[in-house]
Amino acid sequence: VPKADLVVVSNRGPVSISVDDTGSEQMSRGGGGLVSGMQTALESVGSAVWVCAAMSDAERAVAQRAAGQPLAGSDLDVIMLPIDEETFEAAYNGVANQTLWFTLHMLFDPIRQPLFDAEWRRQWEAYQRFNQAFAEAVDELAARSAIVMVQDYHLFLLPALLRKRRPDLRIGFFTHTPWAPVDYFRILPDDVARDVVAGVLGADVVGFHTQRWAELFRRCAHALLGDCADDRIAVFGLTADAEEMAERREAEDVRAAASRLRDVIGDRLVIGRVDRIELSKNVIRGLLAYRELLRDRPQWRERVVHVVFDNPSREDIPEYVEYAAAVERLAAEIQAEFSTPGWTPLLLSVQEDYPAALAALTLTDVVLIDSVRDGMNLVVFEAILLAEGKPQVVLSRETGAADLLGDDAIVINPYDVSQTAAALDQALSLVGQPETPATAARAERLRVAAAGRPPARWFNDQVERVRLVAQQ
Ligand code: G6P
């Protein structure tokens, strides 16, 4: 393999490989905010190599066969690392998803969780090995003075490992999640908390979606290491791309799915949401708010349908399995309480169906994003750009997106179900009203903000910044 001048590194790669019923390997697009943003960004860059982990048996088999060469059948140069299953599972599920994700999104139920014991320490060692394996792979393939852009909480230790191994490299790190306040971050074992922050600070530039997360990281760096890190921390917001969304909206499969959905919904208003089925997305309180809306404001019965698209996610983690089941139960309760012969109040779909999810957003009148904490939330931007009409936005103040959309959205406290119900009521009422210059201007501001920091710009700004800082 020729050495690469630009290397992107993340746990999940742009392709996901599975084995179908006939035993043949299928390649599809990887999921989640990181992959979709980065994929679009890289289309604008000449050549880059993307290093990622094999995340399943099928991927490990393919990665083994590739033996360090880029995967066949992918447009991008993808190097997939065949990290052994035990190491991967402990690093990905045990540490990245169940410890670090929970910390950054403040999801622990502190009466029982977390619990750092000998078993957890073994997982932490796996996380260290996992990061080490990436360091070795990047060392192998990065050209002298190459730029290496490391992504997310799976790879917190990698920037410092690379810095030590290869002082010539210019390293960017970007966190797609929120950061946690110092007191919360210190739930982590002391050495782990320090290693995480020191690991990240191995980078020349440490990027966040918003000032709020950047500031929280700066405070952790200061409290734990006495390092103000001010020269390295920067904000690079990411939104959707207007052209890409316009293309997607016109795509054959999306239009077909939209017309099928329209047949079911009729001319009713649509409250839409699309998420990974994920604790931080707060789907349950969202459903409770919808139930409260229908209970307390009966004028909306028969006039609205809540369309909920949940992509399955992290199904090896018990909390996620329970959460998914609770979502299904609550959805069934809402159906039972309100359905009439001519009206289904709720359409819940838990499956991987990208065109159908986009189709739901094209029909959305009110988009509901009530995450308890969310680095940015790209779905809200996609909804604004995909919708046929001019959608109203009900948005959690704990999302990075709230900082970009500000007063043009109806901003809620995600824990306050009654406030969310009132916001839905307000949003639905606004949909029916005739347009005024003020509402037209607001819709336009939302559209501009939703496309203001497209992936290519987000990525190129970071690369530029890494070049600049590393030169100094
Ligand atoms: C978020 C994270 C990504 C992650 C994605 C999907 O967007 O920031 O790093 O890839 O969720 O999660 P998963 O565990 O399925 O990769």
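What counts and how
Residues numbered from 1 in each chain as written. Predicted model: local features only at pLDDT ≥ 70, side-chain atom pairs only at ≥ 80, totals over all residues. Heavy atoms only, no water. Pairing = 2+ DSSP bridges. Helix = DSSP H or I, 4+ residues; strand = E, 2+ residues; numbered from the N terminus. Axes fitted to C-alpha atoms, helices over the stretch in contact; angles between N-to-C directions. Contact = heavy atoms within 4.5 Å. Near = heavy atom within 4 Å. Polar contact = N/O pair within 3.5 Å; in protein donor to acceptor, adjacent residues only side chain to side chain. Areas by Shrake-Rupley, 256 points an atom, 1.4 Å probe, with all protein chains shown as cover. Nonpolar A, V, L, I, M, F, W, Y, C, P; charged D, E, K, R; others polar. Buried < 20%, exposed > 50% of the residue type's maximum accessible area, 1.4 Å probe, protein only.

Participant: So what's going on with the sheet that holds strand β4 (residues 49-53)? Residues and values would help.
Facilitator: On the basis of which strands lie adjacent, the open sheet formed by seven strands has the order β5-β4-β1-β6-β7-β8-β9 and parallel pairing. Both outer strands of the open sheet, β5 (77-81) and β9 (233-235), are each paired with one neighbouring strand and no more. Going from strand to strand, the sheet's axes swing by 25 degrees on average, the running direction of each strand aside. Both strand β1 (residues 4-9) and strand β6 (residues 142-151) contribute to a ladder of five bridges, which runs parallel.

Participant: Give a description of the sheet that holds strand β12 (residues 346-350) that names residues and reports values.
Facilitator: Within the open sheet, the six strands sit side by side as β12-β11-β10-β13-β14-β15. Their pairing is parallel. Each of the sheet's edge strands pairs with one partner strand only, and the pair in question is β12 and β15 (410-412). If you compare each strand with its neighbour and ignore which way they point, the axes differ by 15 degrees on average. Sheet strands touched by helix α12 (residues 318-338): β11 (304-311) and β12. Its angle to β12, the strand with the most contacts, is close to 160 degrees.

Participant: Residue-level account of the site of the ligand, with values.
Facilitator: Every residue near the ligand is listed here: Arg-12, Gly-33, Leu-34, Tyr-92, Trp-101, Asp-152, Tyr-153, His-154, His-176, Arg-276 and Arg-314. Between an oxygen atom of the ligand and a side-chain N or O atom of Asp-152, the distance comes to 2.4 Å. Protein coverage of the free-state accessible area of the ligand, which is 370 Å², stands at 93%. Counting residues per element, the ones that place at least two in the shell around the ligand are α1 (33-43) and α3 (85-104). Partitioning the shell around the ligand into residue classes produces four nonpolar, three polar and four charged.

Participant: Tell me about the pairing of β4, residues and numbers included.
Facilitator: Buried residues dominate β4, accounting for five of its five residues. Here β4 shows two buried faces, one formed by Val-49, Val-51 and Ala-53 and the other by Trp-50 and Cys-52. Pairing of β1 with β4, which is carried by three bridges, proceeds in the parallel orientation. From the neighbouring strand, Val-7 faces β4, where its bridge partner is Val-49. With five bridges joining them, β4 and β5 adopt parallel strand pairing. Directly across from Ala-53, in β5, lies its bridge partner Leu-81.

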